[in-house]
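Architecture at a glance
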Amino acid sequence: MPETPAKAYRKHQSFVEIRQKRPHADARTRLEKLLREGTELDPIVKLACEEALGIKKAPASHEPFTLHANVQEELSRLTDDELPRYLRYRFRYETYPDRKLLDNFPPCIQIEPTSACNFRCVFCYQTDAEFVSKKNGHMGSMSLDLFKRVIDQCVGNIEAVTLASRGEPTAAPKFKEMLAYAAGKFLALKVNTNASLLDEAKCHALLSADVSTLVFSADSAVESEYPKLRVGGDLKKVLKNVRMFADIKRKHYPKSRMITRVSGVSVPGSSGLDEMEKFWGEYVDQVAFVNYNPWEDAYHAAPTGVTAPCSDLWRRMFVWWDGRVNPCDVDFKSTLLVGTTDKTLTNLWRSPVYEKLREDHLAKKRASHSPCVGCAVV
């Protein structure tokens, strides 16, 4: 172990900063109304309102449920009828990992339409030659049938569904069909994309599916610097595609509730947020940076010395393109595999393998697992 442990990486609320185009309305009055007028409120929804409003304190040594700026922006786009569903999801997403609570489904699930990507970003595991080699079995795209089976289990049980993981989702052959099947089923449907493969058909598919948040991943506003970080990328092409999306959204979907965000990884060579906002702000609702975490090679990293448990073990689950299910994407080669979609999502989330991993993290034994020993996520 190193003498000085690496700084722990807080994945939850990992924004360095996020700037929003429009001021959001204070959601407190809506929560007060929900408490006042709601009958037979779900206990989780009631508790979410009470903690957010300061009526009830969080358990000792735990953080209270808070309406962060990005959460208030999401709330502002929902109807009053949708508010309880959203609060139930968001309370579980934010507080369960801190309080080490579990129920039958993860608060969030990330589904991988494809593991392939057309970029080789310097901070990404797509730079790993073993991972991207087709002969090693990591590369592929999810079938529409498998996608539907996973989505069907999520409906009514998991509100936060993200179509993204190790690859570029828009490169999946069935991407538009996947969006169409997921349309209207979730209040927190999210897609991350490098925007390089967008065309008009994919733009319409995204907007028709009522995607809640669309994240364009970009770290620079400087043409000469962009391809040094997003290797294989072309800033002019990406800007053209983001502008095209914004035009289609404005002209054809004026009532769209989608939040669009340009989000970069804060690494040496990335632009400053002022520069990013000036360059991208005209075309999106939000501009943000997230802290860098060395995702690209935790397998060979020196032990971090971090002993606190990884919060994602209580927050999210990953379903790869081939049906393998993993507890995190830092482990992009699936050494921590918990099973496959031959089992139900509930059985996987509460499986003995998953529970043992959580127990070891709680017992400060994360160093007994790879890549946990070289990972600083808490």
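No experiment lies behind these values; they were computed from the predicted model shown.

Running from N to C, helix H2 (residues 43–52) and helix H4 (residues 83–99) cross one another at 75 degrees; their axes reach a closest spacing of 9 Å. Classed by the angle they form, the pair H2 and H4 counts as roughly perpendicular. Residues Ile44, Val45, Leu47, Ala48, Cys49 and Glu51 of H2 lie in contact with H4, whose contacting residues are Pro84, Leu87, Arg88, Phe91, Arg92, Tyr96 and Arg99. Taken together, the residues of the contact of H2 with H4 break down into nine nonpolar, no polar and four charged.

Throughout the structure, instances matching the rule amount to 12 aromatic pairs. The interplanar angle of 75 degrees and the centroid separation of 5.1 Å between the aromatic rings of Tyr299 and Phe332 together place this pair among those described as edge-to-face. Here the residue Tyr299 occupies a position in the loop between strand S7 (286–291) and strand S8 (316–319), and Phe332 occupies one in the loop between strand S9 (324–326) and strand S10 (339–340), the gap between them amounting to 33 residues. Under the relative-accessibility criterion, Tyr299 is labelled buried at 17%. Ring pairing ties together the aromatic residues Tyr125, Phe131, Tyr299 and Phe332, which thus form one cluster. Note that Arg358 overlies the ring of Trp349, its terminal NZ or CZ placed 4.4 Å from the centroid.

It is worth spelling out the pairing of strand S2 (residues 108–111) at this point. Burial of S2 is two-sided: the residues Cys108 and Gln110 facing one way and the residues Ile109 and Ile111 facing the other way are all buried. Relative to strand S3 (residues 160–163), S2 runs parallel, the two sharing four bridges. Bridged to Cys108 within S3 is Ala160. Pairing between S2 and S8: four bridges, direction parallel. Its bridge partner lying in S8, Cys108 is registered against Arg316.

Right, let's talk about the pattern of salt bridges for a bit. Once the charged atoms of two side chains with opposite charge are near each other, the side chains can pair. According to the stated counting rule, one finds 29 salt bridges in the structure shown. Across the salt bridge formed by Glu50 and Lys56, the nearest N and O atoms sit 3.5 Å from each other. Taking the relative accessible area as the measure of exposure, Lys56 reaches 41% and is therefore partly exposed. The salt bridge involving Asp285 is made with Arg77; its shortest N-O contact spans 3.9 Å. Here Asp285 is found in the loop between helix H11 (273–280) and S7, whereas its partner Arg77 is found in the loop between helix H3 (69–75) and H4, with 208 residues between them in sequence.

Below, the discussion takes up the packing of helix H1 (residues 28–37) against H2. In contact at an axis separation of 10 Å, H1 and H2 are set at 135 degrees when each is read in the N-to-C sense. It follows that H1 is oblique to H2 by the angle criterion. Crossing of H1 against H2: the hand is left-handed. Where H1 approaches H2, its residues Arg28, Leu31, Leu34 and Leu35 are matched on the opposing element by Val45, Lys46, Cys49, Glu50 and Ala52.

Another aspect to go through is unusual backbone geometry. With an omega of 15 degrees, the peptide bond running from Ser370 to Pro371 counts as cis. Position of Pro371 relative to the elements: it lies in the segment after helix H13 (352–362). Positive phi is not limited to glycine here, since Asp210 has a value of about 55 degrees. Even without a glycine there, the phi angle at Lys364 is positive, about 60 degrees. Position of Lys364 among the secondary structure elements: in the segment after H13. Given the relative accessible area of 60%, Lys364 is considered exposed.

Conventions and cut-offs
- Residues numbered from 1 in each chain as written.
- Predicted model: local features only at pLDDT ≥ 70, side-chain atom pairs only at ≥ 80, totals over all residues.
- Heavy atoms only, no water.
- Axes fitted to C-alpha atoms, helices over the stretch in contact; angles between N-to-C directions.
- Helix = DSSP H or I, 4+ residues; strand = E, 2+ residues; numbered from the N terminus.
- Parallel < 35°, antiparallel > 145°, perpendicular 65-115°, else oblique.
- Contact = heavy atoms within 4.5 Å.
- Nonpolar A, V, L, I, M, F, W, Y, C, P; charged D, E, K, R; others polar.
- Phe/Tyr/Trp six-rings, centres within 6.5 Å; stacked < 30°, edge-to-face > 60°.
- Buried < 20%, exposed > 50% of the residue type's maximum accessible area, 1.4 Å probe, protein only.
- Lys NZ or Arg CZ within 6 Å of the ring centre and 35° of its normal.
- Pairing = 2+ DSSP bridges.
- Salt bridge = Lys/Arg side-chain N within 4 Å of Asp/Glu carboxyl O.
- Left-handed = near helix turned anticlockwise from the far one by under 90°.

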